[in-house]
Amino acid sequence: MIGAILIKVAFVSCLLSILCFFQTHRTGNGKFLKYGRMFFHVTVVTVMVTAAVLMYLILTHQFQYTYVWSYSATTLSTPLLMSTFYAGQEGSFMLWALFTALIGVFLIQYSSKTGYEPQVMTVFGLIELMLLLMLIVKNPFSYIWESWPGEVNVGFVPANGRGLNPLLQNYWMVIHPQILFSGFSAMGVPYAFAVAALMKRDYRNWIRPATPWLVYGAMILGVGIMMGGYWAYETLGWGGYWGWDPVENSSLVPWLFSIGAIHTFLSQRKSGAFVRTNLVLSMLCFLFVLYATFLTRSGVLGDTSVHSFVDPGMWAYWLLIGMIVLFAVLGFGLMLKRMKEMPKVAVQHDYMSREFALFLGSSALVFAAIFIIVGTSSPIITGILYGKVTAVDISYYITTTLPLGIAIGLLSGIGQLLWWTRSKKADFFKSLIWPSSLALVCTVGLSFVGLGQILVAVFVLAATFSLFANIQVGIRIFRGNPKYAGGSIAHIGIAFMFVGFVFSSVYDDKQTVSLAEGETTEVLGYKLTYAGYAPIDNEKFAFNVHIEKDGLHHVVSPIMYYSEYTKGLMRNPDIVNLITKDFYIAPLSLEKAGEGITPTTKTAQLKRGETKKIGTLEVTFVDFDFPVFEKAAMLEGREVKIGARLNVKEYGKKSELVTPYKIINGREVTHVPAHYDSYELTIVGMRPDREAKENSAVEIAIVDLASLPTQDSQKDILVVEASIKPYINLVWTGVIILVVGFLVTIVRRTQEARMKRPDQIGFSDQGLA
């Protein structure tokens, strides 16, 4: 119970800290400020101890705790075992609260030197408070007999846990979530500064101390997003790094808002314009982090996203909505109250100025975010309007964002060539000659080898123009003062990424091929030889393929194995990383010698009560056959028998109720199929939902035994999809360059923010972001 008690202690101390900071804001009494700091540090220490307790329970295999049992197992390596800390909802909120608390320690020191401490820490403390409230609702220290009352005896300790989802058993699991949640926590700081500015009625100076945190949040969140992309590319086997998955999109949206805010911050620093815009964008960065959390952890995207968590329970569901409403009302409500007193700055720049280019670029980013969030929210929108959850097609995102990507590419180059307030036309057009000419040459050259669509060609033109324009400007800045080069470096990184997107998608080539063991097959200009398979850890199998071209030899070992966790076949690709391309091998299946061609098999997923036509059969999923005593047996580690009652009918024949089963005994699974006429029905996967039974689903495989083959194969045959991803390294190189640009900017802006107090800072500005 110590963990649950510590969470409540942290909640109370955080609440007291908020009250003290707010009293300091109201009265200016330094005594309250001292207590506010003290209570916040108590909160930080308590959260750290709570996190340490949870980690101890995981490392020592305390399976009597529901969270530990649900995500860990004795078979996991130590790094993966530690990563189960944040594998579920409760742990991920714990990680978020921990990072928010740690950032708060630095923020106290930082904001005290810039004159915003009471206001910023009042708001930032409220963010921590709501995360702690979520941990009280979603308690990671609940016992299994509390989660399943009446089904599990009090004091019972399972012999082992369920383990970690195989898709998460990757070294990126140790890195990626921590980076992403660090970005989520950092996005709360610009929100806190924006609300603090409204509390202080300081609409001018707040952006200077807020800028380093905004850039830091954008950098960390962007790195987290691209790490997730590389994880998908390296693990999932579909050959891509971005699939427009709703949960991927929901993390991208706050990042786009943050990049838009960085650019409008520049204009306000120079001319005092965009006061309201910057307040709104800073608040939206954090609000859409909360919305991303809602989409990921509320279960609303369970049918449309591979990342979505299961239903968190009604209390957590409404608390997530309540957090969004609370922070939206706090920020925008205070803004509406202060609206009339905000300064209105007359426009002092013309259309050929950096300010106008920044405005257009920020607008393009915001519109891209709006289009993406509308598409991402389509399951919710269609569910409310039509009672049916429907996700938009991927083509929607490409159609809406490609023109905006073109605009962003052009403006990121043009904006660097323009001067503040106004630019001389002759000088501007002269500066366009080299980047425009080189971009045109590159685009024409690539068009000859096949860009396909006009819009894609224009996108390449915009990306290469941005690349050469920013190189041109960057060289000039480096000759002067390199600390002003952050903007140019970041834009060069974005241009590299844009070009990499085109190369790796438009010019990729793929082929599905069957590799007979010991025989050499030529695929996409490479010689592939399947050399057999070998067992590796945790009952996985590596399938060794030798790849040869121009005297160079490589060996890849894609992996396939049956997962007890998902009750299905898992596949992991392997990649040959070359300088100019990746050669990507994704395993599909293995046809064993003597088995010949497999019989006709069809698979389908059915929700409870749903009827589907599968081949010539009509199949209805009635319900699971999973009595209470079987549930208890599962928790106790004994043999479990789970069935799915199916009503099956073929045209012209009588319907029949059949029940295929799975018998699970530790790591051993036995399939007991059911039969209807010449068909064999087997359970492939199950997704029970205790809270909403109508959402329970089963995946079944139907084999037509009449189609069994008579031929025998003499060799094992490995079926793979081979693909070439040309110049995909441009994407990852662009990410690294972008991070360098962010770091240069953070250092510069932090130095500027600390040079003077806000009321002493003027608004002359030089250089770039």
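Computed from a predicted structure; not experimentally measured.

(A) Seen up close, the overall build of the protein chain. When helices and strands are tallied, the protein chain shows 21 helices and 20 strands. Within the protein chain, the fraction of its 769 residues that count as buried is 55%. Summed over all atoms, the accessible surface of the protein chain reaches about 33,700 Å², with 62% contributed by carbon and sulfur.

(B) Summary view of helix H17 (residues 425-448). An ideal rise of 1.5 Å per residue puts 34 Å on 24 residues; H17 measures up with 34 Å between its terminal C-alpha atoms. At Ile 433, H17 shows its largest bend, some 35°, and a proline, Pro 435, comes one to four positions later. Looking only at H17, the buried set comprises Phe 428, Ser 431, Leu 432, Pro 435, Ala 439, Thr 443 and Leu 446. In this fold, the buried residues of H17 make contact with helix H16 (394-417), helix H18 (454-480) and helix H19 (486-506).

(C) Molecular detail of the packing of aromatic side chains. Within this structure, the stated rule accounts for 42 aromatic pairs. Ring centres of Tyr 116 and Phe 193 lie 5.8 Å apart, and the angle between their planes is 70°; on these two criteria the pair is classed as edge-to-face. Of the two residues, Tyr 116 is situated in the loop between helix H5 (89-114) and helix H6 (117-137) and Phe 193 in helix H9 (residues 188-200); the sequence distance between them amounts to 77 residues. Taken together, the ring pairs connect Tyr 171, Trp 172, Tyr 230, Tyr 233, Tyr 241, Phe 459, Phe 498, Phe 501, Tyr 584 and Trp 732 into an aromatic cluster. Sitting above the plane of the Tyr 116 ring, Lys 200 keeps its charged end 4.5 Å from the centroid. We note Lys 641 situated over the ring of Tyr 661; from NZ or CZ to the ring centre the distance is 4.3 Å.

(D) Geometry of the sheet that holds strand E20 (residues 717-726). Spatial ordering of the open sheet is given by E1-E20-E9-E8, a layout of four strands whose pairing is antiparallel. The two strands at the open ends of the sheet, each matched to only one other strand, are strand E1 (509-516) and strand E8 (574-577). With direction set aside, neighbouring strand axes in the sheet form an average angle of 20°. Relative to E20, E1 is paired through eight bridges, and the arrangement is antiparallel. Opposite Gln 511, over in E20, you have Ala 722 as the bridge partner. Where helix H10 (residues 207-235) meets the sheet, its contacts fall on E8, strand E9 (581-591) and E20, and the angle it forms with E8 comes to roughly 110°.

(E) Fine view of the confidence of the model for the protein chain. Summing up the model confidence of the protein chain, the mean pLDDT is 85 and the portion of residues at 70 or higher is 89%. Mean pLDDT across the elements of the protein chain bottoms out in helix H20 (residues 628-635) (62) and peaks in H9 (96). Low pLDDT, under 50, characterises residues 303-311; the predicted model gives this stretch 34 contacts beyond four residues in sequence or across chains. In the model, residues 757-769 has pLDDT below 50 throughout and makes 43 contacts with residues more than four positions away in sequence or in other chains.

(F) Expanded view of the packing of H16 against H19. Running from N to C, H16 and H19 cross one another at 150°; their axes reach a closest spacing of 11 Å. Put simply, H16 runs roughly antiparallel to H19. Both H16 and H19 take part in a crossing whose hand is left-handed. On H19, the residues that touch Gly 405, Gly 409, Ser 412 and Gln 416 of H16 are Gly 487, Ser 488, His 491 and Phe 498. Here the residues of the contact of H16 with H19 sort into one nonpolar, seven polar and no charged.

(G) A look at the pattern of salt bridges. Tallying each qualifying case throughout the model produces seven salt bridges. For Arg 37, the salt bridge goes to Glu 117, with nearest N and O atoms at 2.6 Å. Here Arg 37 is found in helix H2 (residues 30-59), whereas its partner Glu 117 is found in helix H6, with 80 residues between them in sequence. Judged by its relative accessible area of 31%, Arg 37 is partly exposed. A relative accessible area of 3% places Glu 117 in the buried class. Asp 508 is the partner of Lys 725 in a salt bridge, and the nearest nitrogen-oxygen pair spans 3.4 Å. Placement of Lys 725 in strand E20 and of Asp 508 in the loop between H19 and E1 is noted, with a sequence separation of 217 residues between them. Judged by relative accessible area, Lys 725 falls into the buried class, the value being 4%. Among the ionic contacts, a cluster of salt bridges with common partners joins Glu 650, Lys 653 and Asp 677.

(H) Just the pairing of strand E18 (residues 679-687), in detail. By the bridge criterion, three bridges tie strand E17 (residues 674-676) to E18 in an arrangement that is antiparallel. What sits directly across from Tyr 676, in E18, is Tyr 679. If you look at the hairpin formed by E17 and E18, you'll find two residues sitting between the two strands, and Asp 677 has a positive phi there, around 55°. The pairing of E18 with strand E19 (residues 697-704) spans eight bridges and is antiparallel. Looking at E19, one finds that Glu 680 is bridged to Val 703.

(I) Structural view of the packing of H2 against H5. The N-to-C vectors of H2 and H5 enclose an angle of 150°; their axes lie 9 Å apart at closest approach. Taken together, the axis directions place H2 and H5 in an arrangement best described as roughly antiparallel. Judged by the twist between their axes, the crossing of H2 over H5 is left-handed. Seen from H2, the contacting residues are Arg 37, Phe 40, His 41, Val 44, Val 47, Met 48, Thr 50, Ala 51 and Leu 54; seen from H5, they are Met 94, Ala 97, Leu 98, Ala 101, Leu 102, Gly 104, Val 105, Ile 108 and Ser 112. When its residues are assigned to classes, the contact of H2 with H5 shows 13 nonpolar, four polar and one charged.

(J) Highlighting the nonpolar core. If you look at the biggest cluster of nonpolar residues, it comprises 167 residues, and the most contacted ones within it are Phe 193, Trp 206, Trp 255 and Leu 279. At 16 residues, the largest contribution of residues to this core is made by H10. For Trp 206, the contacting residues outside a window of four places in its chain are Tyr 116, Pro 190, Phe 193, Ala 194, Ala 197, Phe 265, Gln 268, Asn 278, Leu 279 and Ser 282.

(K) Examining unusual backbone geometry more closely. Residue Leu 524 is not a glycine yet carries a positive backbone phi of 55°. Within the fold, Leu 524 resides in the loop between strand E2 (520-523) and strand E3 (526-535). Classification of Leu 524 as buried rests on a relative accessible area of 18%. Here Tyr 727, not a glycine, exhibits a phi torsion of approximately 55°, which is positive. Along the chain, Tyr 727 falls in the loop between E20 and helix H21 (729-755).

(L) Examining the environment of Ser 251 more closely. Relative to the helices and strands, Ser 251 resides in helix H11 (residues 246-271). In sequence terms Ser 251 and Gly 183 are 68 residues apart; their C-alpha atoms lie 9.9 Å from each other. Discounting residues that sit within four places of it in the chain, Ser 251 has contacts with Leu 180, Phe 184, Leu 221, Ile 225 and Ala 292.

Cut-offs used in this document
- Residues numbered from 1 in each chain as written.
- Predicted model: local features only at pLDDT ≥ 70, side-chain atom pairs only at ≥ 80, totals over all residues.
- Heavy atoms only, no water.
- Helix = DSSP H or I, 4+ residues; strand = E, 2+ residues; numbered from the N terminus.
- Buried < 20%, exposed > 50% of the residue type's maximum accessible area, 1.4 Å probe, protein only.
- Areas by Shrake-Rupley, 256 points an atom, 1.4 Å probe, with all protein chains shown as cover.
- Expected span 1.5 Å × (residues − 1).
- Bend = angle between axes of the 7 residues up to and from the residue.
- Contact = heavy atoms within 4.5 Å.
- Phe/Tyr/Trp six-rings, centres within 6.5 Å; stacked < 30°, edge-to-face > 60°.
- Lys NZ or Arg CZ within 6 Å of the ring centre and 35° of its normal.
- Pairing = 2+ DSSP bridges.
- Axes fitted to C-alpha atoms, helices over the stretch in contact; angles between N-to-C directions.
- pLDDT = per-residue confidence, 0-100.
- Parallel < 35°, antiparallel > 145°, perpendicular 65-115°, else oblique.
- Left-handed = near helix turned anticlockwise from the far one by under 90°.
- Nonpolar A, V, L, I, M, F, W, Y, C, P; charged D, E, K, R; others polar.
- Salt bridge = Lys/Arg side-chain N within 4 Å of Asp/Glu carboxyl O.
- Core = buried A, V, L, I, M, F, W, Y, C linked by side-chain atoms within 4.5 Å.

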